[in-house]
Structures are given as C-alpha cells and as structure tokens.
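# Coordinate analysis (summary)
The primary structure of each chain is shown beneath.
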Amino acid sequence: MPVRGVVFDLFHTLTGVESEWSDLPWTSDVLGIDRARWDELLTVQSRWRLTGEERDPHEIVRRLAHAADPAIPDDRIREALRVRIQRFRDALMRIPEENIETLKRLRESGLRLGLISNADAMEVEAWSDCRLAPLFDAAIFSCAVGCVKPEPAIYAKCLDALALPASDCLYVGDGGSNELAGAKAAGLTTVFISGVIAELWPDRVHQRLALCDHHIRGVPEIHSLLTNR
C-alpha cells in the first residue's frame, strides 16, 4: 500500500536536541527538583494537564512542583513558570531548518501531514508562531482534544482530520508516552526517530527499537525511507 500521509510527534521529534532548545535553564533546575523525578511527573503522573483538565499555567507548575516537594515557595514556582513558557517558545522558534525543509518536500510530493502531540496549554502556546504550523493538514494537541497518546482516540482524531486510513500512513516519533505501540495498535506503520533520545536518555533507545517498524536518526532520513518502501 503506498504511503499517502505522515503523522509526526512534535517535541523530541521535530524540535532540535533539548540542549539547544533555549539558553534558559531546565524547569526542574529552577525548582530544585531531580530531573528524573520531574520527567516522571510530566510523563506519567499528570494526565490532568495533558488533557486540558487544568489549563492555568501557574496552577500546572504549582501542582507539579508540590507533587515533588510541597515546601517549594511560590516565588520559585513563578520563576519556573516564566522560564518554562519561554523555553517552549524558544524550542518552537528554533526548529532545525532541515526539519522544516523536509516537511516542505513531503507536502510538495503530495503527502498529507498530521501532527499528534501530548502537550499542556502552555507548552504549545506559541504554536501559531512556529514555522511548522502552516505545513500540517491536521495538528492534534492532547490539551485541546481531551485524550492522550497512546489512547486510540487521539490517533483516530488525526486520521479523521486527514481523511486517510491508518494503513496509508506512517507515524514518526521518539517513542515517548508509549506512542509507537499506540500508533501500531491503531494500524499505522511506525518509525522511531532516535536522534534526540540518544542525547537525553540513551538507555531507552534499545527498548524503543523493539516497538517500531522502521528506525531513523533524523527527520531528513524520512525521504530515503519512503523511497525504499
């Protein structure tokens, strides 16, 4: 079956390596929270923020911070909030040029492009100003639709918006939130992109390789993958 659409994850897939996202410190460092603990809170223990149940940025950071340490003062939370909002804006303003050019070429070849991102309201606040935004036929953010990867509903919403069956589409992502397993269960052909994960969490690469149909290290490699299918 020929590929007619490509669905991408956003953060750690289309964004650059996280060390180049921003010149500002990590939110966890501002709060004084261990990064591994912060990552766990973001990815495992806060579905409420990802589904848009809570959309107030200050309340999101406060709840996350106090889940780790209830003694963190409000002035530190407010500084972490300022930093976090700007870090995500910086990340969306610094999309690698080769990723933008790759998406343009995919569109020019006639492919329909979709985006599925687990993100809270503040993380994608700057999306409309991002150079990626006009390149997508459908952009599905968990905080706007009330469901998250790897739940079947979020893949279905994107495929419906693209008006394509899952069997005609690739799903390209770094594998966070078990998205590759979810995409495969939804019927998409999965492509694990490992470049950013190899920088942040190299120990996770092997496990995610076992979940994918194809493996690439960077977004531009999608061209050769499509050519060789």
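Above this note sits the structure.
Conventions adopted
- Just so you know, the residues in each chain are numbered from 1, in the order the chain's sequence is written.
- In keeping with the model being predicted, local features are shown solely for residues with a pLDDT of at least 70 and side-chain atom pairs are shown and tallied solely at 80 or more, while totals for entire chains, interfaces and linings include all residues.
- Values shown for side chains rest on all heavy atoms present in the structure; no hydrogens or waters enter the calculation.
- Three exposure classes are used, based on accessible area relative to the maximum for each residue type with a 1.4 Å probe and protein chains only: buried under 20%, partly exposed in between, and exposed over 50%.
- Only DSSP runs of H or I reaching four residues or more are called helices, and only runs of E reaching two or more are called strands; each is numbered from the N terminus.
- Note that the arc is computed from the directions linking the helix axis to the C-beta atoms.
- In protein, a polar contact means a hydrogen-donor-capable atom and an acceptor-capable atom, both N or O and within 3.5 Å, with residues adjacent in sequence counting only if both atoms are side-chain atoms; elsewhere, any N or O pair within 3.5 Å suffices.
- In plain words, nonpolar cores are sets of buried Ala, Val, Leu, Ile, Met, Phe, Trp, Tyr and Cys residues tied together by side-chain atoms within 4.5 Å.
- Whether two residues are in contact is decided by their heavy atoms, any of which lying within 4.5 Å being enough.
- The criterion for an aromatic pair is that two Phe, Tyr or Trp rings (for Trp, the six-membered ring) have centres within 6.5 Å, with stacked assigned to planes under 30 degrees apart, edge-to-face to planes over 60 apart and tilted to the rest.
- Working rule: Lys NZ or Arg CZ, within 6 Å of ring centre, within 35 degrees of ring normal, means a charge sits over the ring.

A separate point is helix H2 (residues 35-43). Every α-helical turn comprises 3.6 residues, leaving residues that sit three or four positions apart pointing alike. If you check which residues of H2 are buried, you get Trp38, Asp39, Leu41 and Leu42. Taken end-on, H2 shows its buried residues confined to a sector of 160°, consistent with a single buried face. At the N-terminal boundary of H2, the capping side chain belongs to Asp34, with an oxygen 3.1 Å from the backbone nitrogen of Ala36.

Our focus in this paragraph is the nonpolar core. Phe8, Leu10, Leu14, Leu103, Trp127, Leu132 and Phe136 are the most contacted members of the largest nonpolar core, which has 35 residues in total. Of all the elements in the fold, those that place two or more residues in this core are strand S1 (5-8), helix H5 (74-93), helix H6 (97-108), strand S2 (112-117), strand S4 (169-173), strand S5 (189-193) and helix H12 (222-228). Once residues lying within four places of it in the same chain are set aside, the contact partners of Phe136 are Phe8, Leu14, Leu103, Arg107, Leu113, Gly114, Leu115 and Trp127. Counting 22 residues, the second-largest nonpolar core is a separate cluster that includes Ala138, Leu159, Ala166 and Leu180.

Summed over the entire model, instances satisfying the criterion amount to seven aromatic pairs. Summarising the aromatic geometry, the rings of Phe11 and Trp21 are spaced 5.7 Å apart at their centres and angled 50° between planes, so their arrangement reads as tilted. Placement of the pair is Phe11 in the loop between S1 and helix H1 (27-31) and Trp21 in the loop between S1 and H1, with a sequence separation of ten residues. Of the residues examined, Phe11 reaches a relative accessible area of 10% and is grouped as buried. Grouped by ring-pair contacts, the aromatic residues Phe8, Trp127, Phe136 and Phe141 constitute a single cluster. In this arrangement the basic side chain of Arg63 is found over the ring face of Trp48, its NZ or CZ atom lying 3.7 Å from the centre. Its end group placed over the ring of Trp201, Arg204 keeps NZ or CZ at 4.2 Å from the ring centre.

As for its placement among the helices and strands, Cys158 is situated in helix H8 (residues 152-162). As a C-alpha pair, Cys158 and Gly114 span 44 residues in sequence and 6.5 Å in three-dimensional space. For Cys158, the residues in contact, after removing those within four places along its chain, are Val7, Gly114, Leu115, Ile116, Ala138 and Ile140.

Worth remembering: the numbers are spatial, not functional.
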